[in-house]
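Secondary and tertiary structure notes
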Amino acid sequence: MRETPLKNALIMGASSGIGHAIAERLAADPGIETLVLCSRSAGSNVPLLSLQSQLVTAGKKCLLLDVDITDEVSLLGMTNQLRKDLQVIDLIVNTVGLLHSRDVSPEKALELISLPSMQQVFAVNAYGPILLAQALLPWLKARRPVVFASLSARVGSITDNRLGGWYSYRASKAAQNQFLKTLAIELARRNPEAIVLALHPGTTDTGLSRPFQANVTQEKLFTPAFVAEHLLQQITQATAEDTGSFIAWDGQRIVW
Ligand SMILES: NC(=O)c1ccc[n+]([C@@H]2O[C@H](COP(=O)([O-])OP(=O)(O)OC[C@H]3O[C@@H](n4cnc5c(N)ncnc54)[C@H](OP(=O)(O)O)[C@@H]3O)[C@@H](O)[C@H]2O)c1
């Protein structure tokens, strides 16, 4: 269980879905002093602008940064901005993920595999999280408690793969898991108080899951607020012994 309170947090992917719900939940936490809320469109996202004005009125600091985690120049811009504004970060949550878009659909069969689509999914789900960690290294290696939690998905578990399908999404989340485990091992040497977690949120009612909810029963389809509450519980309960773990919303350990 975390002993020092969470004061400064950065949420990547805060403009919708689970990231937005985590941002709202943290904004309501009286202990929070600074929230950095990022996505490709955070600076023009109306709900985030309203959250920012609430926080500023309450005497807290809230930065909205437009960042694309698949773009190293954009990430460098974020690092430079944060170096000016924030000495300490206690919590980083990456909630960015890609399952479908105009150009990407999860592949049910081998015939549907395409290189550009796989590259796009890997850029967001696998390379993005580790590039984000690299961009935040000054805060991750500072010898003090810090959590780097990134949303993965149970379907990224190789052992748990019984149904097949969704080649790129599954493989990119498995790759993310390996990046996170490797990061956890390096940070254990460089900052023993750092905790790296891969988190599974459960099926959540967001734009990402919406086209695939038909076979999900109501009690298995969570609201973003419910998931935010549970993931933050897992984050605050985690200790340095949990670093490098793959944990579900309810605390269950997931096999790699
Ligand atoms: N929903 C589920 O049922 C479910 C289940 C298992 C795992 N997950 C995982 O949980 C995470 C959150 O899912 P969600 O359902 O909340 O997704 P979502 O509603 O699609 O939200 C994704 C967020 O990421 C931002 N984003 C997308 N691409 C980005 C990029 N390149 N750089 C920076 N920000 C970017 C989006 O904002 P902008 O468009 O403004 O950038 C948005 O705020 C994902 O990793 C997903 O794989 C979700």
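Quick caveat: nothing in here was measured; it's all calculated off a predicted structure. (Residues numbered from 1 in each chain as written. Predicted model: local features only at pLDDT ≥ 70, side-chain atom pairs only at ≥ 80, totals over all residues.)

This paragraph deals with the packing of helix α1 (residues 17-27) against helix α2 (residues 46-57). The contact between α1 and α2 brings their axes to 11 Å, and the two run at 10°. When the interaxial angle is binned, α1 and α2 end up roughly parallel. Contacts between α1 and α2 involve His20, Ala23, Glu24 and Ala27 from the first element and Pro47, Leu51, Gln54 and Leu55 from the second. Per-class residue counts for the contact of α1 with α2 are 5 nonpolar, 2 polar and 1 charged. (Axes fitted to C-alpha atoms, helices over the stretch in contact; angles between N-to-C directions. Helix = DSSP H or I, 4+ residues; strand = E, 2+ residues; numbered from the N terminus. Parallel < 35°, antiparallel > 145°, perpendicular 65-115°, else oblique. Contact = placed C-beta atoms within 7 Å. Nonpolar A, V, L, I, M, F, W, Y, C, P; charged D, E, K, R; others polar.)

The full set close to the ligand counts 28 residues, and Gly13, Gly17, Arg40, Gly97 and Thr206 are the nearest of them. Breaking the shell around the ligand down by element, the ones donating at least two residues are α1 and α4 (115-135). With 3 residues, α1 is the single largest residue contributor to the shell around the ligand. Partitioned by chemical class, the residues of the shell around the ligand number 10 nonpolar, 16 polar and 2 charged. (Near = placed C-beta within 6 Å.)

With that settled, the discussion passes to the sheet that holds strand β5 (residues 146-151). Taken together, the 7 strands give an open sheet; going across it, the order is β3-β2-β1-β4-β5-β6-β7, and neighbouring strands pair in parallel fashion. Either end of the sheet is taken by a strand with one partner, and the two such strands are β3 (61-66) and β7 (245-248). Going across the sheet, the axis of each strand differs from the next one's by a mean of 20°, ignoring polarity. Of the strand pairs in this sheet, strand β2 (residues 34-39) and β3 are connected by 6 bridges, and their pairing is parallel. Considered in β3, the bridge of Ser39 is made with Asp66. Packed onto the sheet, helix α7 (residues 224-237) meets β4 (91-94), β5, β6 (194-200) and β7 and runs at close to 150° relative to β6. (Pairing = 2+ DSSP bridges.)

Counted residue by residue, α1 has 8 buried out of 11 residues, so it is predominantly covered. Along its buried surface, α1 packs onto β1 (8-12), β2, α2, β4, β5 and α7. (Buried ≥ 20, exposed ≤ 12 C-beta atoms within 10 Å, placed from the backbone.)

With that out of the way, let us pick up the nonpolar core. For soluble globular proteins, nonpolar side chains are generally found buried alongside one another. Ranked by internal contacts, the top residues of the largest apolar core, which has 69 residues, are Ile11, Ile22, Leu37, Cys38, Val147 and Leu197. Every residue in contact with Ile11, bar those within four places of it in the chain, is listed here: Gly19, Ile22, Ala23, Leu37, Cys38, Val93 and Thr95. (Core = buried A, V, L, I, M, F, W, Y, C linked by C-beta atoms within 7 Å.)

What follows deals with the environment of Asn177. Mapped onto the secondary structure, Asn177 falls in helix α6 (residues 167-190). In this structure the C-alpha to C-alpha distance between Asn177 and Arg143, which are 34 residues apart in sequence, comes to 24 Å. Apart from residues lying up to four places away in sequence, Asn177 is in contact with Ser152, Gly156, Ala198, Phe246 and Trp256.

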